[in-house]
Amino acid sequence: METYLGLDLGGTKLLIGEVDAYGNILRYKRYDSGFFNQKAAFDIIRRSMDDYVANVGWVGEKPVAMGVGLIGRVDPNRGIWLQIDPHRTESIALADELTALYGIPCRIDNDVKSATRAERVWGVGQFSKDFVYINVGTGIAVGTVVGGRQIRGSHFNAGEAGHMRVGVNVGVPCACGRTDCVETIASGSGIDRCARLLKDRYETRLTFPPEGEKRVSVEEVVTLSQAGDPLCSVLVTNAAEGIANLIMNMVRVTDPDTVVLGGSIVANEYVFERIQACLNQNTMRFVTHGVVLTKLNPQFVGLLGAAAVAMNK
Ligand SMILES: [Zn+2]
């Protein structure tokens, strides 16, 4: 049986696992990450891989290939991790380094583009050649598939749609230099920032952990908003409107027949319904398969994406 090794590197954890061609996860192990730059991340990958090889091992023969899903800008053709964030430029030839270290051909890609690959292979790609994958997690990013091919752009920077403005005006400055980008309104980090910015203007029972240490709980925001908490109601209304406008903007740009949502925030049933309620039916008339939640296990979409990168799909 041919298997593929996936490495899903996030801000807090690294998930390593072996996946078969049908998208079944055969075995996996989770490692703590928490890195500040690409070199430190590379060390974490190496240490964790050494442990995985020694203590978990392969299901059968060596995996055919390995794939890594990464934060930031990635050149998948040359296997170069260009940037972890816009303020750092220390590109590393990660694919070649890992291929040499472990003797398994390695490919790499950005995490949301990897998740979009998993959708193409095992998700909505089975019935759609034109879809948009919108990931709403700590940040917001979009994978766009047109005619079966994912759009990447001239600098592998396509899909940074979290930095679109969406008609919700709160006055939150974004790291990109603009104000009120949808990521500052509707992502996990954005909801935290909006909550702190607006907390003196609306009454609330929301818990505020020390700023910079821990974010407000989106789950708590949603639960309190359903109970009529004034601040949390504003936060959820803004987030739902922001995501709905982002969806409709993307629909106007590439004419997809399906919009897939992924990430913990949109997986919440109440938030998902609120987003649906903000969609304009005329704008959405050609989205024949509708706006759907990903069918891929949200805990493992990154790992499946990395395996799809390994398969080079
Ligand atoms: Zn921005």
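Residues numbered from 1 in each chain as written. Predicted model: local features only at pLDDT ≥ 70, side-chain atom pairs only at ≥ 80, totals over all residues.

## Thoughts on the overall build of the chain
Move 1: Helix and strand counts for the chain stand at 10 helices and 12 strands.
Move 2: For the chain, the C-alpha radius of gyration of 20 Å lies close to 20 Å, the compact-globule estimate for 313 residues.
Move 3: Over its C-alpha atoms, taken along the principal directions, the chain stretches across nearly 60 × 45 × 35 Å.
Move 4: Scored against the burial criterion, the 313 residues of the chain give a buried share of 45%.
Move 5: Of all intrachain contacts in the chain linking residues separated by at least 6 positions in sequence, the fraction that spans at least 24 positions is 65%. (Helix = DSSP H or I, 4+ residues; strand = E, 2+ residues; numbered from the N terminus. Rg over C-alpha atoms; globule rule 2.2 N^0.38 Å. Buried ≥ 20, exposed ≤ 12 C-beta atoms within 10 Å, placed from the backbone. Contact = placed C-beta atoms within 7 Å.)

## Remarks on the domain arrangement of the chain
Bring the parts together and some accessible area is lost; that lost area is often taken as the interface size.
Move 1: Each assigned domain of the chain is listed here: domain 1 (3-119 + 299-310) and domain 2 (128-293).
Move 2: For domain 1 versus domain 2, the separation of C-alpha centres amounts to 26 Å.
Move 3: Taken together, the contact pairs 11 residues of domain 1 with 12 residues of domain 2.
Move 4: When residues of the side of domain 1 that touches domain 2 are traced back to their parent elements, those giving at least two are β5 (73-75) and α3 (111-122).
Move 5: By residue number, the principal contributor to the side of domain 1 that touches domain 2 is α3, which donates 5 residues. (Domains from an automatic or database assignment.)

## Points about the pairing of strand β1 (residues 3-9)
Move 1: Most of β1 is tucked away, with 7 of its 7 residues classed as buried.
Move 2: The alternating pattern of β1 places Thr 3, Leu 5, Leu 7 and Leu 9 on one face and Tyr 4, Gly 6 and Asp 8 on the opposite face, and all of these are buried.
Move 3: Inspection of the sheet shows β1 paired to strand β4 (residues 65-70) by 5 bridges, in the parallel sense. Bridge assignment links Gly 6 to a residue of β4, and that residue is Gly 67. (Pairing = 2+ DSSP bridges.)

## A few points about the sheet that holds strand β12 (residues 291-293)
Move 1: With respect to topology, 5 strands assemble into an open sheet ordered β10-β9-β8-β11-β12, the strand pairing being mixed. Two strands bound the open sheet, and with one partner strand each, they are β10 (149-150) and β12.
Move 2: Note that strand β8 (residues 131-136) and strand β9 (residues 140-146) share 6 bridges and pair antiparallel. Residue pairing for β9: Phe 131 is matched across the bridge by Val 145.
Move 3: Sitting on the sheet, helix α7 (residues 230-254) touches β8, β9, β11 (258-262) and β12, and the angle it makes with β8 is about 155 degrees. (Axes fitted to C-alpha atoms, helices over the stretch in contact; angles between N-to-C directions.)

## A few points about the sheet that holds strand β2 (residues 13-20)
Move 1: In spatial order, the strands read β3-β2-β1-β4-β7; together these 5 strands make up an open sheet with mixed pairing. Strands with a single pairing partner mark the edges of an open sheet, and in this sheet they are β3 (25-32) and β7 (106-110). Taken pair by pair, the neighbouring strands of this sheet meet at an average axis angle of 15 degrees, ignoring direction.
Move 2: In this fold helix α1 (residues 38-56) packs onto β1, β2 and β3, with an angle of close to 45 degrees to the strand it touches most, β2.

## Side note on the packing of helix α5 (residues 188-198) against α7
Move 1: For the pair α5 and α7, the least separation of the axes is 10 Å and the interaxial angle reads 140 degrees. As far as their axial angle goes, α7 and α5 are oblique. The handedness of the crossing between α5 and α7 is right-handed. Here Ile 191, Cys 194, Ala 195 and Leu 198 of α5 come into contact with α7, specifically with Leu 231, Val 234, Leu 235, Asn 238 and Ala 239.
Move 2: Residues of the contact of α5 with α7, tallied by class, amount to 8 nonpolar, 1 polar and no charged. (Parallel < 35°, antiparallel > 145°, perpendicular 65-115°, else oblique. Left-handed = near helix turned anticlockwise from the far one by under 90°. Nonpolar A, V, L, I, M, F, W, Y, C, P; charged D, E, K, R; others polar.)

## Focus on the packing of α3 against helix α10 (residues 301-310)
Move 1: Between α3 and α10, whose axes approach to 7 Å, the crossing angle comes to 80 degrees. Our classification of the angle between α3 and α10 gives roughly perpendicular. Of the residues in α10, those touching α3 at Asp 111, Ser 114, Ala 115, Arg 117, Ala 118, Val 121 and Trp 122 are Val 301, Gly 302, Leu 304, Gly 305, Ala 306, Ala 308 and Val 309.
Move 2: Residue composition of the contact of α3 with α10, grouped by class: 9 nonpolar, 3 polar and 2 charged.

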